[in-house]
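# Notes for the structure review
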Amino acid sequence: MLSRHTSARPATFVRRTLQRLSVIALTSLPVMAWAEAVQLEVFKDPQCGCCQAWLEHIQGFNTVDSQLSFAPRVNTTADLYATKDRLAIPPRLRSCHTAVEAESGYVFEGHVPARLIARFLAEKPDARGLAVPGMPLGSPGMEMGERFQPYAVYLLKNDGSTEVYANVESAAQQY
């Protein structure tokens, strides 16, 4: 025997039941605090493929588990040397692209992993930024299958000196 709720309008009963279940499901989800996206001005050569791959790495960091996401804005320029000179990036630490965090002016030179940029921004050290000189094999944007070359990420200090901020010994440490 059908109850009084189901006998007259079965479609209405089903629809209301589904609506109630949807509300219960939505209200039982954990509340996530979304941080505003970190704005990065990225300067790169218009023909550089590894720069584009690094940008995809940065954008891929925008995951559900992260409290941080990146919103890069790309500036293509044929004269990266002038940009790097203006930002006072020493020639020995240069790479193929440069990112500048819009709010603080922190500089991220080269294939710096998104995870380390996020850590740096959380720590807010008294420094200018981070650099990965050259183009280490296997670094974000320079992936070549299983091949990987360990590399150092350097802290760019305000006085112009540097020190190792992190050593990346395996590809897994980048993510």
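Residues numbered from 1 in each chain as written. Predicted model: local features only at pLDDT ≥ 70, side-chain atom pairs only at ≥ 80, totals over all residues. Heavy atoms only, no water.

## Section: the packing of aromatic side chains
- For the coordinates displayed, the defined rule picks out five aromatic pairs.
- Arranged with centres 6.0 Å apart and planes meeting at 70 degrees, the rings of Phe-120 and Tyr-165 form a pair that is edge-to-face. Here Tyr-165 lies in strand β7 (residues 162-168) and Phe-120 lies in helix α5 (residues 114-123), a separation of 45 residues in the sequence. Here the two residues Phe-120 and Tyr-165 agree in accessibility, since each one is buried.
- Ring geometry for Phe-148 and Tyr-151: centres 6.1 Å apart, planes at 50 degrees, overall tilted.
- On the basis of relative accessibility, which here comes to 22%, the residue Phe-148 falls in the partly exposed class.
- Put simply, the rings of Tyr-106, Phe-108, Phe-120 and Tyr-165 touch in pairs and so form one group of aromatic residues.
- Directly above the ring of Phe-43 sits Arg-86, whose terminal nitrogen or CZ lies 5.8 Å from the centroid. (Phe/Tyr/Trp six-rings, centres within 6.5 Å; stacked < 30°, edge-to-face > 60°. Helix = DSSP H or I, 4+ residues; strand = E, 2+ residues; numbered from the N terminus. Buried < 20%, exposed > 50% of the residue type's maximum accessible area, 1.4 Å probe, protein only. Lys NZ or Arg CZ within 6 Å of the ring centre and 35° of its normal.)

## Observations regarding the confidence of the model for the protein
- Chain-level pLDDT for the protein is 81 on average; 77% of the residues reach the 70-or-more range.
- Across residues 1-34, where pLDDT falls below 50, the model places eight contacts with residues more than four positions away in sequence or in other chains. (pLDDT = per-residue confidence, 0-100. Contact = heavy atoms within 4.5 Å.)

## Remarks on the environment of Pro-72
- Its place among the elements puts Pro-72 in strand β2 (residues 70-76).
- Taking the C-alpha atoms as reference points, Pro-72 and Ile-58, separated by 14 residues in sequence, lie 8.0 Å from one another.
- With sequence-adjacent residues up to four places away left out, Pro-72 is seen in contact with Leu-40, Val-42, Leu-55 and Gln-59.

## A word on the nonpolar core
- Formed by 27 residues in total, the largest nonpolar core has its most connected members in Phe-70, Phe-108, Phe-120 and Val-153.
- For this core, the elements supplying multiple residues, two or more each, are β1 (38-44), α3 (49-60), α5, β5 (127-132), β6 (151-157) and β7.
- A total of six residues in this core trace back to one element, the largest contributor, which is α5.
- Membership of the second largest hydrophobic core comes to six residues, among which are Leu-80, Leu-87, Ile-89 and Val-100. (Core = buried A, V, L, I, M, F, W, Y, C linked by side-chain atoms within 4.5 Å.)

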